[in-house]
Amino acid sequence: EDRHKNTYWNLGGPGDGVSMKAQGELIHKVLGKEGEPKTVGLPIVLFDVVIHVLQVIANTLRSEKFDNAAELGRILKYYSLEDMLTTDPSEKYGRTTLRQHY
C-alpha cells in the first residue's frame with residue numbers, strides 16, 4: 001500500500017526488546033547446546049575498514065560486484081547501529097515472543 005511507503009514499521013511481539021547477545025544465548029538454549037554460548041563482540045570500525053577496502057577494489061577494477069558488496073556493508077552497518085525498538089506500548093503489536101518463534 002502507498003501509505004506504507006517511506007515510513008517506519010514497528011515490528012515485534014509482546015515484551016521488552018532482546019539484545020543480540022541475548023538472542024544468541026536464546027538460540028543456544030533452544031538448540032540444546034551444552035556449555036556456555038560463545039559470542040564475539042567486534043568494533044563497529046571494522047565495518048568501515050571492510051567497506052573502504054571493498055569500495056577501493058570496486059573503483060580500481062570498475063567492478064559493480066564489489067560496489068554492490070560495499071553498499072551492502074553500508075546497509076549492514078546502518079542496521080547494526082540504528083535502534084529498531086519502540087518504547088511506546090501502543091506502537092507494539094504481535095502475540096508471539098522470540099522464544100516462542102524459535
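The structure presented is a predicted model; accordingly, all values stated were derived computationally and were not measured.

Parameters at a glance
Residues numbered from 1 in each chain as written. Predicted model: local features only at pLDDT ≥ 70, side-chain atom pairs only at ≥ 80, totals over all residues. Heavy atoms only, no water. Axes fitted to C-alpha atoms, helices over the stretch in contact; angles between N-to-C directions. Helix = DSSP H or I, 4+ residues; strand = E, 2+ residues; numbered from the N terminus. Parallel < 35°, antiparallel > 145°, perpendicular 65-115°, else oblique. Left-handed = near helix turned anticlockwise from the far one by under 90°. Contact = heavy atoms within 4.5 Å. Buried < 20%, exposed > 50% of the residue type's maximum accessible area, 1.4 Å probe, protein only. Salt bridge = Lys/Arg side-chain N within 4 Å of Asp/Glu carboxyl O.

K.L.:
Can you explain the packing of helix 2 (residues 45-61) against helix 3 (residues 64-81)? Please cite residues and give values.
P.N.:
Direction vectors running N to C along helix 2 and helix 3 enclose 160°, while the axes themselves pass 7 Å from each other. Taken together, the axes of helix 2 and helix 3 lie roughly antiparallel to each other. Both helix 2 and helix 3 take part in a crossing whose hand is left-handed. Residue-level inspection shows Phe47, Asp48, Ile51, Leu54, Gln55, Ile57, Ala58 and Leu61 of helix 2 in contact with helix 3, the latter providing Phe66, Asp67, Ala69, Ala70, Gly73, Arg74, Leu76, Lys77 and Ser80.

K.L.:
Outline the side chain of Gln55, supporting the account with residue identities and numerical values.
P.N.:
With respect to the helices, strands and loops of the structure, Gln55 is situated in helix 2. A residue is classified by how much of its surface remains accessible, and Gln55, at 17% relative accessible area, is buried.

K.L.:
Pulling in residues and values, what's your account of the pattern of salt bridges?
P.N.:
Throughout the structure, instances matching the rule amount to two salt bridges. Among the ionic pairs, Lys77 bridges to Asp48, the shortest N-O distance being 2.6 Å. With a gap of 29 residues between them, Lys77 in helix 3 and Asp48 in helix 2 connect regions that are remote in the sequence. By relative accessible area, Asp48 is classed as partly exposed at 34%. The partner of Arg74 in a salt bridge is Glu71, and the shortest N-O contact between them spans 3.2 Å. Of this pair, Arg74 and Glu71 are both found in helix 3, three residues apart, which corresponds to roughly one turn of the helix. Exposure remark for Glu71: the relative accessible area of 38% places this residue in the partly exposed category.

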